[in-house]
Amino acid sequence: MTSWLARNFSWARVSLGLYPYPRERIQPVSIGAFRGWQEKDAAPRLMPLLHELLEGDLIARGRIIHEDRHKTSSLCTPACRSGHDSVYVKRYQKRGLLMDLKDWVRGSQARKSFLLGLELPRRGIATTPPLAYLEHWRGGIRREGFLLCKGYPSGIPVAGMFTRFYKENKAEDFDVTLRALGAFFLAVERAAVRHGSLMGSTLAVPNDEGPPSLYLTDLEEICTLGAVCEHDYRRMAWSIHWHLKRYLPPERIEAFCEEGRRIGCRILQRVSLYL
């Protein structure tokens, strides 16, 4: 069992982005008052894109796909950029004193997501590769920040995929996807990741010839990396149940618990606590 100290030390490292920078893969970047890091191999083609980003042109051509109290997320497709690859942009804005205090205590969300995006694939968890992040800090307060990633592939939330298979009575596709999800969540468990909305942030990319490809999105929801406790397993299991109970009957949700028992995934097994 993970000790309380190890779990909370992991929380602090993730929250503040204190785990080592992969210096062989990234390099610092500076544009005006903005400072950050960029993926080294992509650097030659990134600078024009970063200038477009800071000037507002890139986001203006994109499609807003999410907005909350402190950030706006946009997808800029090839059609917006004359045949270039899709890119995904998060813009962090100064909203008020409480958000300023959170930034000061918990560090940079853009930096955290950038580093996690580089680290998770090394631990067997697929996510969209980050390209760069830039931030403008003054007086210990983040004035503005950006996170730039490669665009997510075309897919749907995994809970939506299960719902569709259930409504269309596609039992075989349901079971194939469940096995893929079990293997994915087992990788999350082995990496000792606690994610605040595990089911809601798992993207499924359909595959006509086999199981879907699964990606973990919304890296800001990651609380720990390398240490979890029983409380974390239960919270992630609750999140899974909360996303499924609106669309699936209890006997279909029980199949997730059975898959967890079959492969030894504690996250899925604990969904049974909420049935």
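Residues numbered from 1 in each chain as written. Predicted model: local features only at pLDDT ≥ 70, side-chain atom pairs only at ≥ 80, totals over all residues. Heavy atoms only, no water.

**Q** Could you give me a rundown of the sheet that holds strand β5 (residues 87-93), with the residues and numbers involved?
**A** Strands sit in the order β1-β2-β6-β7-β5-β4-β3 across an open sheet of 7 strands; the sheet is antiparallel. In this open sheet, the two strands that pair with only one neighbour each are β1 (26-31) and β3 (63-67). With direction set aside, neighbouring strand axes in the sheet form an average angle of 20°. Here 8 bridges tie strand β6 (residues 130-138) to strand β7 (residues 141-150), and the two strands are oriented antiparallel to one another. (Pairing = 2+ DSSP bridges. Helix = DSSP H or I, 4+ residues; strand = E, 2+ residues; numbered from the N terminus. Axes fitted to C-alpha atoms, helices over the stretch in contact; angles between N-to-C directions.)

**Q** I'd like a rundown of the confidence of the model for the protein, residues and numbers included.
**A** Residues shown with low pLDDT carry predicted positions that ought not to be read at fine detail. Overall, the prediction assigns the protein a mean pLDDT of 89, with 92% of residues at 70 or greater. The spread of mean pLDDT over the elements of the protein runs between helix α4 (residues 97-106), the lowest at 66, and helix α10 (residues 266-269), the highest at 98. (pLDDT = per-residue confidence, 0-100.)

**Q** Please provide a residue-by-residue account of the pattern of salt bridges, values included.
**A** All chains considered together, the criterion is met by 14 salt bridges. Of the charged contacts, one joins Glu119 and Arg122 as a salt bridge, the two residues approaching to 2.8 Å between their closest N and O atoms. What makes Arg122 exposed here is its relative accessible area of 61%. Among the ionic contacts, a cluster of salt bridges with common partners joins Arg7, Arg194 and Asp232. (Salt bridge = Lys/Arg side-chain N within 4 Å of Asp/Glu carboxyl O. Buried < 20%, exposed > 50% of the residue type's maximum accessible area, 1.4 Å probe, protein only.)

**Q** Which residues make up the pairing of strand β10 (residues 202-205), and what values do they have?
**A** Looking down a regular strand, the side chains alternate between one sheet face and the other. Judged by which residues are buried, β10 turns out to be covered on both faces: Thr202 and Ala204 on one side and Leu203 and Val205 on the other are all buried. Both strand β8 (residues 156-157) and β10 contribute to a ladder of 2 bridges, which runs antiparallel. Counted as the bridge partner of Pro157 is Leu203 from β10. As paired strands, β10 and strand β11 (residues 213-216) are joined by 4 bridges and run antiparallel to one another.

**Q** I'd love a proper account of the sheet that holds β10, names of residues and values included.
**A** A sheet is described by the order of its strands in space; here 3 strands give the open sequence β8-β10-β11, paired in antiparallel fashion. If you trace the sheet from one side to the other, it starts and ends with β8 and β11, each paired once.

**Q** So what's going on with helix α9 (residues 250-263)? Residues and values would help.
**A** Between its first and last C-alpha atoms α9 spans 20 Å; for 14 residues at 1.5 Å apiece the expected length is 20 Å, and the two agree. Within α9, burial applies to Ile253, Ala255, Phe256, Cys257, Glu259 and Gly260. Looking at the buried positions of α9, the neighbouring elements they touch are α6 (158-167), α7 (171-190), α8 (230-244) and α10. Directly beyond the C-terminal end of α9, a positive phi value near 80° is found at Gly264. (Expected span 1.5 Å × (residues − 1). Contact = heavy atoms within 4.5 Å.)

**Q** Describe the side chain of Thr163, with residues and values.
**A** The residue Thr163 is located in helix α6 in this model. With a relative accessible area of 9%, Thr163 lands in the buried category. At 2.9 Å, the side chain of Thr163 and the backbone oxygen of Ala159 are in polar contact. (Polar contact = N/O pair within 3.5 Å; in protein donor to acceptor, adjacent residues only side chain to side chain.)

**Q** Could you give an account of α8, with specific residues and numbers?
**A** When the terminal C-alpha atoms of α8 are compared, their 21 Å separation across 15 residues agrees well with the 21 Å that a helix rising 1.5 Å per residue should span. Along α8, the positions that sit buried rather than exposed are Asp232, Tyr233, Met236, Ala237, Ser239, Ile240, His241, His243 and Leu244. Structurally, α8 contributes buried residues whose contacts are with α1 (4-16), α6, α7, β9 (193-195), α9 and α10.

**Q** Could you give an account of the state of the cysteines, with specific residues and numbers?
**A** Per the stated rule, a full pass over the model turns up 0 disulfides. Here Cys149 stays free of any disulfide, with the sulfur of Cys76 as its closest cysteine sulfur at 14 Å. (Disulfide = S-S within 2.5 Å.)

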